[in-house]
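Each chain, written out:
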Amino acid sequence: MADPARKKIQQLDVMVSRVITETHDAVTLELFTGNEHLTYKPGHFLTIDPHQFPALERFIAYLEHIKGRKEPARAYSLASAPHENYISITVKEERYEAGKTPYPPLLSPLLVSQIPAGTRMKVTGFTGPFTLPDDIGERTDHVLHVAAGSGAVPNFSMIKHILETTDNVRQTLVYSNKTWADVIYKRSLASLTALHPQRLQVIHALTRQEEHIDPGEKIHRGRIDADLLTKAVGDTDAVEVFVCGPGVTPADKKAAKEAGTAPKPRFLESAVALLKEVGVAPEKIHTESYG
Ligand SMILES: Cc1cc2nc3c(=O)[nH]c(=O)nc-3n(C[C@H](O)[C@H](O)[C@H](O)COP(=O)(O)OP(=O)(O)OC[C@H]3O[C@@H](n4cnc5c(N)ncnc54)[C@H](O)[C@@H]3O)c2cc1C
């Protein structure tokens, strides 16, 4: 029998109604969808096919030739929550690092710096298993989000949805970035915590921040570790955890297999291992890999 959720996946013609600069390399694109009635869950993503952008035509032809396969559509989590008027996505630009990354990134540089308000595009959505359960307020009174970089996007949607639809759920976001300048949703997170001080706390884990930061912020210097997670988790029986960020990619697995080694854990694998170490049961840990 066909999965009923799949039937809802549709292609939408959208217009970018607003471009919000989040950081030096990330933007939020608000998408106007006309009068379509849109049904999605916090955590769902949409996809964007790069073939629709004439500016990428030659680049795609070259990449498909050297990779020997068609460039797939890229996934972007919804940053908006279902109660909000617009849908939005937040895109962080991938970088090409000679000697480290095999190819220059295709779509994210275009979405971040070459899509002015008024641009029309086609998106397909909404889908994905990393969603907030409908009965979250009955399951728990504490949701912990653990995210890195653009991995905070689906969690941001979940945070807003929980604040809007429940009154008993407290949330903690442990958010890892290199520096304070890389933190997406800085202003929105600060205003949400100011509005709901008992229901939302944000702890920024900054791995390469050297200068002093606003003393109003809760900052952990360095990578997320077991001590930090023990404090953030609190009651291990009660907590429900949503982890999102870069994980081991199929390319990492292939390279490791060829070298006869295990792939090096990335953010997602390390965070899940730490959560288990501090006593969170595996069935309470929900994950999404951006690898
Ligand atoms: C479920 C999901 C949700 C996501 N949500 C978001 C989001 O909300 N915001 C966001 O910014 N990103 C999100 N992403 C990531 C996003 O889909 C893209 O992967 C990202 O924007 C990079 O796309 P790109 O076309 O710019 O780069 P790509 O062209 O995909 O390149 C990315 C990297 O992969 C390497 N690479 C490309 N092709 C190969 C290959 N054949 N073999 C080995 N390495 C290769 C490149 O060298 C580069 O380092 C999500 C991903 C998933 C899976």
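Residues numbered from 1 in each chain as written. Predicted model: local features only at pLDDT ≥ 70, side-chain atom pairs only at ≥ 80, totals over all residues. Heavy atoms only, no water.

**Here's the deal with the packing of helix 7 (residues 226-233) against helix 9 (residues 267-277)**
Item 1. Running from N to C, helix 7 and helix 9 point in directions that differ by 65 degrees, and their axes come no closer than 9 Å. Note that helix 7 runs across helix 9; the crossing there is right-handed. Contacts between helix 7 and helix 9 involve Ala-226, Leu-229 and Val-233 from the first element and Ala-271, Leu-274, Leu-275 and Glu-277 from the second.
Item 2. When its residues are assigned to classes, the contact of helix 7 with helix 9 shows six nonpolar, no polar and one charged. (Axes fitted to C-alpha atoms, helices over the stretch in contact; angles between N-to-C directions. Helix = DSSP H or I, 4+ residues; strand = E, 2+ residues; numbered from the N terminus. Left-handed = near helix turned anticlockwise from the far one by under 90°. Contact = heavy atoms within 4.5 Å. Nonpolar A, V, L, I, M, F, W, Y, C, P; charged D, E, K, R; others polar.)

**Comments concerning the sheet that holds strand 1 (residues 10-23)**
Item 1. Strand order in the open sheet formed by six strands is 4-3-6-1-2-5, and the pairing between neighbours is antiparallel. Single-partner strands in this sheet number two, and they are strand 4 (74-77) and strand 5 (87-92). Going from strand to strand, the sheet's axes swing by 45 degrees on average, the running direction of each strand aside.
Item 2. Pairing of strand 1 with strand 6 (residues 120-127), which is carried by six bridges, proceeds in the antiparallel orientation. Counterpart to Val-14 in the pairing with strand 6 is Met-121. (Pairing = 2+ DSSP bridges.)

**A look at the packing of aromatic side chains**
Each aromatic ring pair is characterised by the separation of its centres together with the angle its planes make.
Item 1. All chains considered together, the criterion is met by four aromatic pairs.
Item 2. With centroids separated by 6.0 Å and ring planes inclined at 65 degrees, the aromatic side chains of Phe-130 and Phe-242 adopt a geometry described as edge-to-face. One end of the pair, Phe-130, is in the loop between strand 6 and helix 4 (136-139); the other, Phe-242, is in strand 11 (residues 240-245), with 112 residues separating them in the sequence.
Item 3. For Phe-130, a relative accessible area of 2% gives the class buried.
Item 4. What makes Phe-242 buried here is its relative accessible area of 0%.
Item 5. In this arrangement the basic side chain of Lys-186 is found over the ring face of Trp-180, its NZ or CZ atom lying 5.2 Å from the centre. (Phe/Tyr/Trp six-rings, centres within 6.5 Å; stacked < 30°, edge-to-face > 60°. Buried < 20%, exposed > 50% of the residue type's maximum accessible area, 1.4 Å probe, protein only. Lys NZ or Arg CZ within 6 Å of the ring centre and 35° of its normal.)

**Quick word on the site of the ligand**
Item 1. What surrounds the ligand is a group of 25 residues, the closest being Ala-75, Tyr-76, Tyr-103, Leu-107 and Ser-108.
Item 2. Measuring from an oxygen atom of the ligand, one finds a backbone N or O atom of Leu-106 at 3.1 Å.
Item 3. Here a nitrogen atom of the ligand sits 3.0 Å away from a polar atom, N or O, in the side chain of Tyr-290.
Item 4. When the ligand sits alone it has 970 Å² of accessible area, and the protein chains cover 81% of it. (Near = heavy atom within 4 Å. Polar contact = N/O pair within 3.5 Å; in protein donor to acceptor, adjacent residues only side chain to side chain. Areas by Shrake-Rupley, 256 points an atom, 1.4 Å probe, with all protein chains shown as cover.)

**Topic: the confidence of the model for the protein**
When pLDDT is low, close inspection of the predicted coordinates is not appropriate.
Item 1. The share of residues in the protein with pLDDT of 70 or more is 97%, and the mean pLDDT across the chain is 94.
Item 2. A low-confidence stretch, residues 1-5 (pLDDT under 50), is modelled with zero contacts involving residues beyond four sequence positions or located in other chains. (pLDDT = per-residue confidence, 0-100.)

**Focus on the domain arrangement of the protein**
Item 1. Assigned domains within the protein: domain 1 (4-127) and domain 2 (136-289).
Item 2. Put simply, the middle of domain 1 and the middle of domain 2, counted by C-alpha atoms, are 23 Å apart.
Item 3. Between domain 1 and domain 2, the residue contacts involve 19 residues of the former and 16 residues of the latter.
Item 4. For the pair domain 1 and domain 2, the two sides together bury roughly 1,400 Å², of which 56% comes from carbon and sulfur.
Item 5. Area buried by domain 1 at its contact with domain 2 is led by Pro-42, His-83 and Lys-92, which between them contribute 29% of it. (Domains from an automatic or database assignment. Buried area = accessible area lost by both parts, 1.4 Å probe.)

**A few points about a nonpolar patch on the surface**
Item 1. A cluster of nonpolar residues, Tyr-62, Ile-66 and Tyr-103, forms a patch on the protein surface that exposes about 300 Å² of accessible area.
Item 2. Note on placement: Tyr-103 falls in the loop between strand 5 and helix 3 (108-113).
Item 3. Overall, Tyr-103 belongs to the partly exposed group, its relative accessible area being 34%. (Patch = residues over 30% accessible without salt bridge, like charges linked within 9 Å, V, L, I, M, F, W, Y side chains within 5 Å. Salt bridge = Lys/Arg side-chain N within 4 Å of Asp/Glu carboxyl O.)

**Here we look at the sheet that holds strand 10 (residues 218-221)**
Item 1. The strand order 10-9-8-7-11-12 describes an open sheet built from six strands, whose pairing is parallel. Each having just a single partner strand, strand 10 and strand 12 (285-289) make up the two edges of the open sheet. Between one strand axis and the next, the sheet turns through 15 degrees on average, direction left out of account.
Item 2. The sheet contact formed by strand 8 (residues 170-177) and strand 9 (residues 200-206) spans seven bridges and is parallel. Directly across from Leu-173, in strand 9, lies its bridge partner Val-202.
Item 3. Packing of helix 5 (residues 152-165) onto the sheet brings it into contact with strand 7 (142-148), strand 8, strand 9 and strand 11, and relative to strand 7 it is tilted by some 155 degrees.
Item 4. Each of strand 8 and strand 9 touches helix 6 (residues 186-195); the most contacted strand, strand 9, lies at about 145 degrees to it.

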